[in-house]
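The primary structure of each chain is shown beneath.
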Amino acid sequence: MKKIIFLGAGYANLSLIKSLSKEDLKKAEFLLINNNSYHYKTTELHKIAADESEKNIKIDLKSIIPEEIVIIQDTAIKIEPNKLYCKNTDYDFDEIYIGLGANKNTFGIEGLEETYEIGDYENALKTKEDLYKNLEKSESIYKNVVICGAGFSGVELCASIAQVCKSKDIDANIYIIEAMDEILPMYNKELAKVARKYLENLGVKVLSSHKIIKKQGDRIYLNDEENYIDSKNIIFTAGVKGNAVIGNSVFESKNNRVLVNEYLQAPNYDNCYILGDCSLIMNNDRPFAPTAQIACKQGNYLAKSLSARLNNQSFKEKFSYKDQGSVCSLSEKYAVASVQGRDFSGFLAKVLKKFTEIKWQYKLFGLKGL
Ligand SMILES: Cc1cc2nc3c(=O)[nH]c(=O)nc-3n(C[C@H](O)[C@H](O)[C@H](O)COP(=O)(O)OP(=O)(O)OC[C@H]3O[C@@H](n4cnc5c(N)ncnc54)[C@H](O)[C@@H]3O)c2cc1C
């Protein structure tokens, strides 16, 4: 029987797995290898870091993975054409589906490696624990919260922390730093301004056109040596690159992301499929931003292609992707959105965000998850 490995239990590989039929799962030996025994909903990790009361963000893999797939908790180190090297054991495979997600990208800026981050469950939890312990202290260095990067995750985190502090009467000076001249640079300026105003009304100091030049100890320098903020709570949300395992492996990559072909295969390695944040898909001359949306689409597509191979059918369809737009959540009742060329804000945008969260819950659990 063919040996097939799903590496990583994120949006990409879980979309793939949950789209395979029971019949398909009898036709090969399947392993799911993940460094944790659980899946976390990356798109909702800001809620963990900010201490919003949220459930269902961390999900035991055993509760969602079909019994035909063997779940192994191990950490990948390196991938070769037919061998996966992990911390505990090495694994042979006929096909591998690599969905290891992203790591933080500090663009080589001095000191930024030593910052809090919210890219995985453990880090989001650690950020929260230290943040609220620090905010109990009276010195300003403990009260200053600096969020580096005002893209989606930075803005969502910032809004969440500001709201939690407000509702619990916690005294904090919250800054969000952005090098571009407006926050949410992927949005039209007018829409981004709506989000800026929302943050400012929550008391957040929005520092756009402020470039982080370095961090030394607890001091972060903005634009030049004269401008700095001292803070024990510096949280990095400014950029991601693919998982370091990719850079360690045989594939040609840029920022640990592999420019896959139209069947999502790594060039020269037909049995290695790469999906989610570790893959690079071009949108004309620029890559698509790594999102859960594209990761899920890739997973769904690869389920069709894998199913065809398992059933000895030919499969000619190429992967294609059209960005549907995005929503940036600012509170339980308010969001800003740009969807299919239309910009809007308010409760309707929030409903859309909730809808995508419910859709994922449904994909994982079916009706019983709702
Ligand atoms: C805070 C935040 C908010 C976001 N908000 C949005 C949003 O609103 N909308 C949107 O579309 N996108 C959003 N994104 C981006 C989105 O979460 C990612 O694009 C998506 O999770 C990518 O899916 P993936 O399957 O490639 O990786 P992930 O979902 O990150 O899964 C990777 C999996 O690999 C495992 N893993 C990692 N390293 C190893 C290893 N060495 N060995 C074994 N297993 C390993 C991890 O435990 C994890 O299970 C957000 C990201 C963050 C960090």
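Residues numbered from 1 in each chain as written. Predicted model: local features only at pLDDT ≥ 70, side-chain atom pairs only at ≥ 80, totals over all residues. Heavy atoms only, no water.

**Q** Would you explain the domain arrangement of the chain in this entry?
**A** Size of an interface: often given as the accessible area lost when the parts come together. Examined at the domain level, the chain breaks down into domain 1 (3-35 + 74-102 + 241-322) and domain 2 (116-236). Domain 1 and domain 2 are separated by 34 Å when their C-alpha centres are compared. (Domains from an automatic or database assignment.)

**Q** Can you help me understand unusual backbone geometry in this one?
**A** Of all residues except glycine, most have a negative phi; of all peptide bonds, most are trans. Even without glycine at this site, Asp51 takes up a positive phi of about 75°. By secondary structure assignment, the location of Asp51 is in the loop between helix 2 (45-50) and strand 4 (58-60). A relative accessible area of 25% places Asp51 in the partly exposed class. A positive phi angle is found at Leu264, which is not glycine, with a value near 65°. A relative accessible area of 0% places Leu264 in the buried class. (Helix = DSSP H or I, 4+ residues; strand = E, 2+ residues; numbered from the N terminus. Buried < 20%, exposed > 50% of the residue type's maximum accessible area, 1.4 Å probe, protein only.)

**Q** Help me out: how do you make sense of the packing of aromatic side chains in this one?
**A** How two aromatic rings sit relative to each other is given by the distance of their centres and the angle of their planes. What the rule picks out here adds up to 13 aromatic pairs. With centroids separated by 5.6 Å and ring planes inclined at 80°, the aromatic side chains of Phe251 and Tyr269 adopt a geometry described as edge-to-face. Linking Phe251 in the loop between helix 7 (244-248) and strand 20 (258-259) with Tyr269 in strand 22 (residues 269-274), this pair joins segments that are 18 residues apart in sequence. One aromatic cluster in this structure is built from Phe6, Phe30, Tyr97 and Tyr273. One residue, Lys78, lies across the ring of Tyr85, its end atom 5.0 Å from the ring centre. We note Lys214 situated over the ring of Tyr221; from NZ or CZ to the ring centre the distance is 4.9 Å. (Phe/Tyr/Trp six-rings, centres within 6.5 Å; stacked < 30°, edge-to-face > 60°. Lys NZ or Arg CZ within 6 Å of the ring centre and 35° of its normal.)

**Q** Help me out: how do you make sense of the site of the ligand in this one?
**A** The ligand sits among 29 residues. The nearest are Ala12, Asn35, Ala76, Asp277 and Lys353. Asn243 places a polar side-chain atom, nitrogen or oxygen, 3.1 Å from a nitrogen atom of the ligand. Computed on the free molecule, the ligand has an accessible area of 1,000 Å², of which 88% lies beneath the protein chains in the complex. The biggest single contributor to the shell around the ligand is helix 8 (residues 292-310), with three residues. The class makeup of the residues in the shell around the ligand is 11 nonpolar, 15 polar and three charged. (Near = heavy atom within 4 Å. Polar contact = N/O pair within 3.5 Å; in protein donor to acceptor, adjacent residues only side chain to side chain. Areas by Shrake-Rupley, 256 points an atom, 1.4 Å probe, with all protein chains shown as cover. Nonpolar A, V, L, I, M, F, W, Y, C, P; charged D, E, K, R; others polar.)

**Q** What is the right way to read the sheet that holds strand 27 (residues 335-339) from this model?
**A** In sheet architecture, strand pairing relies on hydrogen bonds along the backbone and comes in two forms, parallel and antiparallel. Overall, antiparallel pairing links the three strands, which are arranged 26-27-28 in an open sheet. For this open sheet the edge positions go to strand 26 (325-329) and strand 28 (342-346), each flanked by a neighbour on one side alone. Pairwise comparison of adjacent strand axes, ignoring direction, gives a mean angle of 10° for this sheet. Both strand 27 and strand 28 contribute to a ladder of five bridges, which runs antiparallel. When the bridges of strand 28 are listed, Ala335 appears paired with Gly346. (Pairing = 2+ DSSP bridges. Axes fitted to C-alpha atoms, helices over the stretch in contact; angles between N-to-C directions.)

**Q** Help me understand a nonpolar patch on the surface in this model?
**A** Taken together, the side chains of Ile358, Tyr362, Leu367 and Leu370 present a nonpolar region at the surface, about 450 Å² in accessible area. Here Leu370 lies in the segment after helix 9 (347-365). (Patch = residues over 30% accessible without salt bridge, like charges linked within 9 Å, V, L, I, M, F, W, Y side chains within 5 Å. Salt bridge = Lys/Arg side-chain N within 4 Å of Asp/Glu carboxyl O.)

**Q** Can you help me understand the side chain of Ser307 in this one?
**A** On the secondary structure map, Ser307 appears in helix 8. Not counting the four nearest positions on each side in its chain, Ser307 is found in contact with Leu20 and Asp24. (Contact = heavy atoms within 4.5 Å.)

**Q** How should the pattern of salt bridges be read in this particular structure?
**A** Any two side chains of opposite charge can pair, on the condition that their charged atoms come close. If you walk through the whole model with that rule in mind, you get 23 salt bridges. Between Lys83 and Asp92 there is a salt bridge, with the nearest N and O atoms lying 3.0 Å from each other. Two residues, Glu262 and Lys318, come together in a salt bridge whose shortest N-O distance is 3.6 Å. Placement of Glu262 in the loop between strand 20 and strand 21 (265-266) and of Lys318 in the loop between helix 8 and strand 26 is noted, with a sequence separation of 56 residues between them.

**Q** How should the sheet that holds strand 8 (residues 90-92) be read in this particular structure?
**A** One open sheet accounts for three strands, arranged 6-7-8; its pairing is antiparallel. Sheet topology places strand 6 (76-80) and strand 8 at the edges, where each strand pairs with a single neighbour. Across this sheet, the average inter-strand angle for adjacent strands is 15°, counted without regard to direction.

**Q** I would appreciate a short explanation of the packing of helix 1 (residues 11-18) against helix 8 in the present structure.
**A** Contact geometry for helix 1 and helix 8: axes closest at 7 Å, N-to-C directions at 35°. Helix 8 is crossed by helix 1, and the crossing has right-handed handedness. Where helix 1 abuts helix 8, its residues Tyr11, Ala12, Ser15 and Leu16 lie against Ala292, Ala295, Cys296, Gly299, Asn300, Leu302, Ala303 and Leu306. When its residues are assigned to classes, the contact of helix 1 with helix 8 shows nine nonpolar, three polar and no charged. (Left-handed = near helix turned anticlockwise from the far one by under 90°.)

**Q** Looking at this structure, I do not really get helix 8. What am I missing?
**A** What sets the pattern is the α-helix's 3.6 residues per turn: residues three or four places apart point alike. Compared with an ideal rise of 1.5 Å per residue, which puts 19 residues at 27 Å, helix 8 spans 26 Å between its outermost C-alpha atoms and is within 8% of the ideal. Directly after helix 8, the chain includes Asn312, whose backbone phi takes a positive value near 55°. (Expected span 1.5 Å × (residues − 1).)

**Q** I'm lost on the state of the cysteines in this one. Help?
**A** What we call a disulfide is simply a covalent bond connecting the sulfur atoms of a pair of cysteines. Scanning the entire structure with this criterion turns up zero disulfides. Cys165 supplies the cysteine sulfur nearest to Cys158, a cysteine that is in no disulfide, at a spacing of 10 Å. Looking at the unpaired Cys328, the closest cysteine sulfur is the one in Cys158, lying at 10 Å. When its relative accessible area of 0% is taken as the criterion, Cys328 is described as buried. (Disulfide = S-S within 2.5 Å.)

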